[in-house]
Amino acid sequence: MKLVCSRENLHNGVNIVQKAVSAKSTMPILQGILIEAGDTLKLTGNDLEIGIECVVESDIMEKGSVVVNAKMFGEIIRKLPDSDVSLDYNEESGIVVIKCGKSLFKIHAMSSEGFPALPEVKKENSFSVESSLLRDLIRQTIFAVGTDEFRAILTGCLIESKNNELNFVALDGFRIALRKHNLEGDIPDFSLVVPGKTLNEILKILQYTDCDIAIYNSKNQILFDAGNFKLVSRLLEGEFFNYRNAIPEDFETKITVDTKELLSSIERAYLISIEEQGRNYPVDFKLYNDTLMITSDTTKGSVKEELEVEMEGSDLEVSFNPLYFIEALRVIDDEKINIYFRSIGACTIKPTEGNSFVYMILPLLK
Amino acid sequence: MKRIIFLVDMNAFFISCEMSRNKSLKGKPAAVAGDPKYRSGIILAPNYEARKYNIKTTMLVHEAKKLCPDLILVPPDHKFYSQKSREVMGILSRYTPVIQQNSIDEAWLDLTGCTLLFGSPREIAENIMKTLMVELDLWCSIGISENKFLAKMASERKKPLGITEIWVSDIKEKIWPLPVREMYGIGKQTEKKLVEMGLFTIGDIAACDQNILYEALGKYGIELKRLANGIDTSPVEASPVQDSKSISRSETLARDITDLEEAKVVLMELAEEVGIQAREQNFKGKTVSITIRYSDFKTVTRQKTVKPTFLTKEIYKAGEKLLEENWNDKKPVRLLGIGLSSNITDKFTQLNLFDIIESAPEGKKQEKLELAMDSIRKRFGMDVIKRAKILKDNDD
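Residues numbered from 1 in each chain as written. Chains lettered and ligands numbered in written order. Predicted model: local features only at pLDDT ≥ 70, side-chain atom pairs only at ≥ 80, totals over all residues. Heavy atoms only, no water.

## Description of unusual backbone geometry
Here comes step 1: A cis amide bond links Lys159(B) to the next residue, Pro160(B), at an omega of -10°.
Here comes step 2: Looking at the secondary structure, you find Pro160(B) in the loop between helix H7 (148-157) and strand S8 (163-165).
Here comes step 3: Look at Asn289(A): it is not a glycine, yet its phi comes out positive at around 45°.
Here comes step 4: Following the sequence through the fold, Asn289(A) ends up in the loop between strand S19 (283-288) and strand S20 (291-298).
Here comes step 5: A positive phi angle, close to 55°, is found at Leu161(B), a residue other than glycine.
Here comes step 6: Residue position: Leu161(B) is located in the loop between H7 and S8. (Helix = DSSP H or I, 4+ residues; strand = E, 2+ residues; numbered from the N terminus.)

In structure tokens form, the structure reads like this:
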């Protein structure tokens, strides 16, 4: 195998596939990146949970394939000068020669035999979204996925399509994040749970990409295909929490409030409510006279914040873990939001127009 | 209004329970004692006839036999005593809902404002004593006062079948002359310290400078001085409020066991007792722990976090899993224990979806079932309703 490509392209490619390489794997081959030079140069990482392949622009002089240790190879490429890189693999010696400018590396490599191929995902249940939209759908829900290994299904994000409506749902028991989007075209109905880790990696990869992404899913796998890279992930098995019944429709008090102002107030109150040793005190919400008063009183001191709001319904007092509000408000792009309170029971945050999101937060009881 | 507090203390409770179901023991010296063939060969509860021979609790069986060769020994049946204890509490609850059980055989009752219903304190006490004798064939002593401490002190004055009133105005005469060891709350160690300080009577404590007591005994010293002066404002509470609490039961087995299935049955019985108490106090714990003590006295405790529960089924399930994971079938086991605890010091409870959903129909079902079992047992006895696991294994 012999090829030449720019350091930058190779570096980008390695960065992407590295996200699917597990450093802790007990199988050395899974700690590696598969480099395949066929008609194009393809890099692959696969820890059997997530598999990513990425096509890198290059000139291929001699076809072939090899597996190199991802960590070492990645570090080398990262530190090389910005110039063309040539890779030369001699199967008999088992050594990859990396040349770039005046640097020369000879590294031991592994045969590509035995590197697990990415699972084939049948091209059914497909739909296509812009990367920026996919990014938003993930970003605006992923923070609410659970971390409790005993409820493994909740460590994933539910993606469901029904009547051309696409829902992303994450919940950890204390809150629910729901994001809706209406798809165009004829989309099949499906419902699947994607591990939070997978979506986090996609989010990182998509950060600088603008393209259309085709998404396919089968019973056990989901495939994100952006043309120059593909990500395949296993799905979580099991029944997702029936979130629909948990989101209340009724409320006692409704307010309309400026998102950023509310976020800043709660972030300030959090400075007092956050305690050492990871224990949080609540912040108290008090609604009266078109005013939302946010207070927190702890061993550290106290804080009081007042916000003007549009208010409907009765005066009310309720307490929350401020972090749940902060995390939701941070991902809401709308300038103004409606919040529906109940004195005992869940509170919901919704857009002032449309129904593109619902954030539900359960209170702290004193 | 002056409070009226009773302390009802069952006399020689274990052996009295035995005498209530085996009348032939009556009038003869008898005692509940661990079987001398096994390890626990000590006197647990002598009856009053046995006490005439100077036989005391914790005395070794063979020593007791020396004092009274005719002493009849009865092996302990703790389940039966627990059941009798519940029956006693059931009767006491006819007089007031405000009851605090202090141990298996005694409880405080707050009868403030009940005199119009039942008569003077002494009349109420006589009534309680008579009812316990007639319905359960058990004896008690009752102390009457205006707080828990003095009621307890009063109940100790005359046994058996005593009714003693000690009001705050009586303490100079009735409490202060008593030696410090007679004071409720003072054990051997504290007694030693007090005597070294030159405090011999409860009156000495009452008169002692607070700072001196604080230096010697810390906060407890100040509490002692208050009590010695007859001041005790603590309320009679069904389940005293605690930041962290735990309920546990353990049993030293009559013989060492090596069979996991046999251990599970014991564990189920213990889990049931823990569950009953937890439900009684409406206490949901989130840590289940088990204790396994092997015949060589090596002891392991293991614990597991569960979602907050007071259900026997859940407590047992967690305990069973711990037992299976930690069972060493090569070593005989002499003691098993299970406990439910929580370290909730947070004053706040974060509501969560699972509680909301699970306390809905399906999850509530088990709760209803166990609460129903509790109330059936309260009325008709522990053995009226049993879990199949325990039944089956008793039969074969």
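## Side note on helix H2 (residues 70-79) of chain A
Residues and elements named next belong to chain A.
Here comes step 1: Taken together, the buried positions of H2 are Ala70, Phe73, Gly74, Ile76 and Ile77. Axial view of H2: buried residues confined to an arc of 165°, hence all on one face. Turned more than 90 degrees away from the buried face of H2, the exposed residues are Lys71 and Lys79.
Here comes step 2: In this fold, the buried residues of H2 make contact with helix H1 (7-18), strand S2 (32-37), strand S6 (64-69), strand S7 (84-90), strand S8 (95-100) and strand S9 (103-108).
Here comes step 3: Where H2 begins, the capping side chain belongs to asparagine 69, and its oxygen is found 3.0 Å from the backbone nitrogen of lysine 71. (Buried < 20%, exposed > 50% of the residue type's maximum accessible area, 1.4 Å probe, protein only. Arc of directions from axis to C-beta. Contact = heavy atoms within 4.5 Å. Polar contact = N/O pair within 3.5 Å; in protein donor to acceptor, adjacent residues only side chain to side chain.)

## Structural notes on the domain arrangement of chain A
Here comes step 1: Looking at chain A, the domain boundaries give domain 1 (2-108), domain 2 (127-239) and domain 3 (247-361).
Here comes step 2: On a C-alpha basis, the centres of domain 1 of chain A and domain 3 of chain A stand 49 Å from each other. (Domains from an automatic or database assignment.)

## Some words on the packing of helix H9 (residues 188-196) of chain B against helix H11 (residues 210-217) of chain B
Residue and element names in this part refer to chain B.
Here comes step 1: Contact pair H9 / H11: the axes reach a minimum separation of 11 Å and the direction vectors enclose 135°. In terms of orientation, H9 lies oblique with respect to H11. As for the relative orientation of H9 and H11, their crossing is right-handed in sense. Contacts between H9 and H11 involve Thr190, Lys193 and Leu194 from the former and Leu213, Ala216 and Leu217 from the latter.
Here comes step 2: Partitioning the contact of H9 with H11 into residue classes produces four nonpolar, one polar and one charged. (Axes fitted to C-alpha atoms, helices over the stretch in contact; angles between N-to-C directions. Parallel < 35°, antiparallel > 145°, perpendicular 65-115°, else oblique. Left-handed = near helix turned anticlockwise from the far one by under 90°. Nonpolar A, V, L, I, M, F, W, Y, C, P; charged D, E, K, R; others polar.)

## Focus on the pattern of salt bridges
Opposite charge on two side chains permits pairing when their charged atoms draw close.
Residues and elements named next belong to chain B.
Here comes step 1: Summed over all chains, the structure comprises 50 salt bridges over all chains.
Here comes step 2: The partner of glutamate 370 in a salt bridge is arginine 279, and the shortest N-O contact between them spans 2.7 Å. Of the two residues, glutamate 370 sits in helix H16 (residues 361-380) while arginine 279 sits in helix H13 (residues 260-280), which places them 91 residues apart along the sequence. Neither residue differs from the other here; glutamate 370 and arginine 279 are each classed as buried.
Here comes step 3: Via salt bridges that share partners, Glu272, Arg279, Glu370, Asp374, Arg377 and Arg387 belong to a single interconnected network. (Salt bridge = Lys/Arg side-chain N within 4 Å of Asp/Glu carboxyl O.)

## Brief notes about the sheet that holds S9(A)
Residues and elements named next belong to chain A.
Here comes step 1: Taken in spatial order, the five strands make up an open sheet running S5-S1-S7-S8-S9, and their pairing is antiparallel. A strand with exactly one partner marks an edge of an open sheet, and here the two such strands are strand S5 (59-62) and S9. Neighbour-to-neighbour, the strand axes of the sheet open up by a mean angle of 15°, direction not taken into account.
Here comes step 2: Two strands pair when backbone bridges link them, and S8 and S9 are joined in this way by six bridges, in the antiparallel orientation. Paired with cysteine 100 across the strands is serine 103, a residue of S9.
Here comes step 3: Sheet strands touched by H1: strand S1 (2-6) and S7. Its angle to S1, the strand with the most contacts, is close to 95°. (Pairing = 2+ DSSP bridges.)

## Focus: the packing of aromatic side chains
Here comes step 1: In this structure the tally under the stated criterion is 16 aromatic pairs over all chains.
Here comes step 2: A centroid spacing of 4.9 Å and a plane angle of 70° characterise the contact between Phe320(A) and Phe325(A), whose relative ring orientation is edge-to-face.
Here comes step 3: Between Phe357(A) and Tyr359(A), the aromatic rings sit 5.4 Å apart at their centres with planes inclined by 35°, giving tilted as the arrangement. The exposure classification of Phe357(A) matches that of Tyr359(A), with both residues buried.
Here comes step 4: Connected via pairs of aromatic rings, a cluster forms that spans Phe285(A), Phe320(A), Phe325(A) and Phe341(A).
Here comes step 5: Note that Arg21(B) overlies the ring of Phe80(B), its terminal NZ or CZ placed 3.7 Å from the centroid.
Here comes step 6: A cation over a ring is seen here: Arg51(B) above Tyr48(B), with NZ or CZ 4.7 Å from the ring centre. (Phe/Tyr/Trp six-rings, centres within 6.5 Å; stacked < 30°, edge-to-face > 60°. Lys NZ or Arg CZ within 6 Å of the ring centre and 35° of its normal.)

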